Amino acid sequence: MIDSFYLAWRYIVFNRVKTITLVLCISLVSFLPFALKTLLNESEHQLMSRATTTPLLVGAKGNSLDLVMNSLYFSKEKPDFISMKAIEKIMDSYLALPIPLYTRFHARDYPIVGTTLDYFEFRKRTISTGRAFAMLGECVIGADVASRLNINVGDSILSSPENLFDLAGVYPLKMKVTGILDKTNSVDDKAVFVDLKTTWVIQGLGHGHQDVKTLKQSGDVLSRSEKSITTSAKIKQYTEINTANLESFHFHGDPSIYPLTSIIAVPQDEKSATILMGRYLSEQKNQQIVRPKQVIEDLLGNIFQIKEFIDAVVLIVAMAMVLAVFLIFSLSFRLRQKEIGTILHLGCSRSTVVKLIGAEILIIAMFSGMLCYSALLVLQHFQGEIVHKLFIS
Amino acid sequence: MGDFCLINIDSLELSYGNSGFRLSIPQLKIDDAEKVAVIGPSGSGKTTLLRLISGIIVPQKGHVSIDGTIVSRLSDTQRRDYRITNIGFIFQDFELLDYLNVEDNILHPYRITQALKIDAQVRTRASELALELGIQNKMKRLTNTLSQGEKQRTAICRAMMISPKLVLADEATGNLDPSNKTKILDTLFRSADSNKATLIAVTHDHELLDRFDRVIDFKQYCEAEAV
């Protein structure tokens, strides 16, 4: 048997181009259904694990999937905003704990999530290094953000402008990193968490600048009255919040209408959840309340319908491939009739010829299997990233 | 003809279906260590004779015996085992495997049967034969990089590996230039002599015939319809 494998190996090495092509084709056809299954399982796991732990989500009326994807996975879909009044409404109902989320901004491609410390408690997130944000302008970063950007506690991270060409827009805010979250293999690893007010500062609703009362240069003050002081644009705006300039930061307008992306509502019990949902259905025309699990199940239902179709396509391709491989082998054996004849004339038995051919097929199948398995290992290593890019981002 | 007869063909008859080819050999004896040339026109059954003797095909009537063994009465498996362990066959066009190097081609019979085993002695014999035939420095080369003469010597080496008592050569000097023909025949004779083997060589080269002990003209045994 060893000799059969040796001879088969020599044949395969001699016909390496044909063999490599065959191995690649078989590997690819074997890889596709497994890869699809792996990715779908991972997507189901990633999507469902977060959805099942988020009982209710309140947001602006519109696409419920966009709302869920943005609030749970910080995807780039931007649902319409709701105001802080929605928080007050839930608080006043005593039916659920509201956890606000504002996910409009980014820092170096990582979403900035404006929220409260309740979020960490709700998601059971712990800080591995440092502490939680305590002051305006401080942030806690996910484990992947820290490792990929090589940022440690005490370093800073800049918010990215929403539009590069908006020269008159707000300045990027330099945020101080006070803590790094433990790695959880979730989207929280790839996010920058700040206090809700910090996101409003990034938006320009709140800002800090030089004390205008003490301005002396005449060019800086345009007009001064008892009630107000009007300054020119030359006044120095702070792009970093620290203990020295913290006092100068202030917000303009009515805080109750400040924007939010959504609210995670954590009801006291199922009854409270049902009552809250009923109230939103009957009273709220501009807001919606959804159960994320239900929304994700609907999405997965659609994905699995597509999977069935893809499975059928892969099956047809695999059948065509099997026929093609069969044809390649039969043509190859026809071309090798003289060689097989020589072996038989020398005194080789037909069973040995079958062994030789079997060894060749086995080696090709083994290489194809190894290649397919290796590709699957690579896929498994990156499946989280791929699923995030394909189904979430 | 000597006292001891190695090959005895008796009342042999073979025909190929409707092709009109019919081979009939009432009696043919070939002595031990005899060197016999088989000549005849194309299609007269010279190659068929070698295949009958080696047991690749079996006659419809009569029998072929080698050293007392009636080859045509052996089972298929027995005939294969007998052939690979007792007969050195040099095929027309060499029939070397192009995906194996010279060494592997020489050792090929040992890799395709349970009846032969490769050991250190066999490898040494392969090296000695290669040295004797002047291909010792080509052992690791693929056969498609060899000259016709080198291929022929590799084929002879493969046939002589088992130290056969019977060597069958099917146009071993075909397609070679005159100087190579002589060299190959010298090699073949030398190898057969060293094993005290009987040599039956099918040939078209009439200028080489005087070197053989006996020449058998196959015209007398064959009936073939003109095409």
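Reading the values: rules and limits
- Residues numbered from 1 in each chain as written.
- Chains lettered and ligands numbered in written order.
- Predicted model: local features only at pLDDT ≥ 70, side-chain atom pairs only at ≥ 80, totals over all residues.
- Heavy atoms only, no water.
- Helix = DSSP H or I, 4+ residues; strand = E, 2+ residues; numbered from the N terminus.
- Rg over C-alpha atoms; globule rule 2.2 N^0.38 Å.
- Buried < 20%, exposed > 50% of the residue type's maximum accessible area, 1.4 Å probe, protein only.
- Contact = heavy atoms within 4.5 Å.
- Lys, Arg positive; Asp, Glu negative; His and termini not counted.
- Charge placed at Lys NZ, Arg CZ, Asp CG, Glu CD.
- Buried area = accessible area lost by both parts, 1.4 Å probe.
- Salt bridge = Lys/Arg side-chain N within 4 Å of Asp/Glu carboxyl O.
- Pairing = 2+ DSSP bridges.
- Axes fitted to C-alpha atoms, helices over the stretch in contact; angles between N-to-C directions.
- Expected span 1.5 Å × (residues − 1).
- Arc of directions from axis to C-beta.
- Polar contact = N/O pair within 3.5 Å; in protein donor to acceptor, adjacent residues only side chain to side chain.
- Patch = residues over 30% accessible without salt bridge, like charges linked within 9 Å, V, L, I, M, F, W, Y side chains within 5 Å.
- Areas by Shrake-Rupley, 256 points an atom, 1.4 Å probe, with all protein chains shown as cover.
- Parallel < 35°, antiparallel > 145°, perpendicular 65-115°, else oblique.
- Left-handed = near helix turned anticlockwise from the far one by under 90°.
- Nonpolar A, V, L, I, M, F, W, Y, C, P; charged D, E, K, R; others polar.
- Phe/Tyr/Trp six-rings, centres within 6.5 Å; stacked < 30°, edge-to-face > 60°.
- Domains from an automatic or database assignment.

Describing the overall build of chain B
Looking only at helices and strands, chain B has six helices and 10 strands in total. The globule rule puts the C-alpha radius of gyration for 227 residues at 17 Å, and the 17 Å found for chain B is close to it. Over its C-alpha atoms, taken along the principal directions, chain B stretches across nearly 45 × 40 × 40 Å. Out of the 227 residues belonging to chain B, those deemed buried represent 55%. Put simply, 73% of the contacts in chain B that link residues at least 6 apart link residues at least 24 apart. Charge centroids of chain B, computed over 28 positive and 30 negative side chains, lie 4 Å from each other.

Some details on the interface of chain B and chain A
Counting residues at the interface gives 21 residues for chain B and 20 residues for chain A. For the chain B and chain A pair, buried surface summed over both sides reaches about 2,100 Å², with 61% attributable to carbon and sulfur atoms. Our count for the contact surface shared by chain B and chain A stands at one salt bridge. We note a salt bridge from Arg111(B) to Asp3(A), for which the minimum N-O separation is 3.3 Å. Contributing elements (two or more residues each) for the side of chain B that touches chain A: helix H2 (76-86) and helix H3 (102-111) of chain B. Top element by residues in the side of chain B that touches chain A is H3(B). It accounts for four residues.

Considering unusual backbone geometry
A positive phi angle, near 55°, is found at Phe74(A), a position not held by glycine. You can see Phe74(A) is positioned in the loop between helix H3 (64-73) and strand E2 (82-83). Its identity as a non-glycine residue notwithstanding, Asp67(B) has a phi of 50°, on the positive side. Along the chain, the position of Asp67(B) falls in the loop between strand E4 (61-66) and strand E5 (69-70). Taking the relative accessible area as the measure of exposure, Asp67(B) reaches 43% and is therefore partly exposed.

Concerning the sheet that holds strand E1 (residues 56-60) of chain A
Residue and element names in this part refer to chain A. Ordered in space as E3-E16-E1-E17, the four strands form an open sheet in which the pairing is antiparallel. Edge positions in the open sheet fall to strand E3 (96-101) and strand E17 (287-290), since each of these has one partner strand only. Averaged over all pairs of adjacent strands, the angle between their axes in this sheet comes to 25°, without regard to strand direction. As paired elements, E1 and E17 share four bridges and run antiparallel to each other. If you follow Val58 over to E17, its bridge partner there is Ile289.

Describing the sheet that holds strand E6 (residues 87-90) of chain B
All names here are of chain B. In space, the five strands of this open sheet follow the order E6-E7-E8-E3-E9, with parallel pairing throughout. Edge positions in the sheet fall to E6 and strand E9 (214-217), since each has one partner strand and no second. Across the sheet, the mean angle from the axis of one strand to that of its neighbour is 15°, orientation sign disregarded. In this structure, strand E3 (residues 35-39) lies alongside strand E8 (residues 198-202), joined through four bridges in parallel fashion. Its bridge partner being in E8, Val36 is matched across the sheet by Ile200. Strands in contact with helix H1 (residues 46-54) are E3, E6, strand E7 (166-170) and E8; relative to E7, the strand with the most contacts, it is inclined by about 155°.

Remarks on helix H8 (residues 270-283) of chain A
Residue and element names in this part refer to chain A. With 14 residues, H8 extends 20 Å between its outermost C-alpha atoms, agreeing within 8% with the 20 Å of an ideal straight helix rising 1.5 Å per residue. If you check which residues of H8 are buried, you get Ser272, Ala273, Leu276, Met277 and Tyr280. Taken down its axis, H8 places every buried residue within 130° of arc, on the same side. Facing away from the buried side of H8 by over 90 degrees, the exposed positions are Lys271, Leu281 and Ser282. Measuring from the backbone nitrogen of Lys271 back to the side-chain oxygen at the start of H8 gives 3.3 Å, which picks out Asp269 as the cap.

Thoughts on the pattern of salt bridges
Inspection of the entire model under this criterion finds 22 salt bridges over all chains. One salt bridge connects Lys183(A) with Asp189(A), and the closest N-O pair in it is separated by 3.9 Å. Between Arg22(B) and Glu13(B) there is a salt bridge whose closest N-O contact spans 3.3 Å. Looking at Arg22(B), the relative accessible area reads 31%, which means it is partly exposed. On the basis of relative accessible area, Glu13(B) is assigned to the partly exposed category, the value being 25%.

Considering a nonpolar patch on the surface
Residue and element names in this part refer to chain A. Taken together, Trp9, Met366, Phe367 and Met370 make up a surface patch of nonpolar side chains, about 390 Å² in accessible area. It is helix H11 (residues 350-392) that provides the largest number of residues to the nonpolar patch, a total of three residues. Within the element layout of this structure, Phe367 appears in helix H11. The class of Phe367 is partly exposed, set by a relative accessible area of 32%.

Structural notes on the packing of H3(A) against helix H9 (residues 292-335) of chain A
All names here are of chain A. It is at 10 Å that the axes of H3 and H9 come closest, and there the two elements cross at 110°. By the criterion of interaxial angle, the relationship of H3 to H9 is roughly perpendicular. Where H3 crosses over H9, the two elements pack in a sense that is left-handed. In this structure, H3 uses Ser64, Leu65, Val68, Met69, Leu72 and Tyr73 to contact H9, whose residues at the interface are Pro292, Val295, Ile296 and Leu299. The residue makeup of the contact of H3 with H9, split by class, is nine nonpolar, one polar and no charged.

A look at the packing of aromatic side chains
In this structure the tally under the stated criterion is 15 aromatic pairs over all chains. Ring plane angle 55° and centroid distance 5.8 Å describe the contact between Phe120(A) and Phe133(A), whose orientation is recorded as tilted. Taken together, the positions of Phe120(A) in helix H5 (residues 118-123) and Phe133(A) in the loop between strand E6 (127-130) and strand E7 (138-141) put the pair 13 residues apart, joining distant regions of the chain. In this structure, Phe120(A) and Phe133(A) share a single accessibility class: buried. Between Phe89(B) and Phe91(B) the ring centres are 4.5 Å apart and the planes differ by 10°, which places this aromatic pair in the stacked class.

Concerning the domain arrangement of chain A
All names here are of chain A. What the domain assignment lists for chain A is domain 1 (2-46 + 299-392) and domain 2 (55-292). Using only C-alpha atoms to locate each centre, domain 1 and domain 2 end up separated by 51 Å. Taken together, the contacts link six residues of domain 1 with eight residues of domain 2. Between domain 1 and domain 2, a total of about 570 Å² is buried, with carbon and sulfur atoms accounting for 61% of that surface. It is Glu385, His388 and Ile392 in domain 1 that bury the most area against domain 2; as a group they hold 67% of the surface buried on that side. Taken together, the links from domain 1 to domain 2 amount to one salt bridge. Note that Glu385 is salt-bridged to Arg148, the shortest N-O span being 2.4 Å. The tally of links between domain 1 and domain 2 comes to one residue pair in polar contact (both at pLDDT 80 or more).

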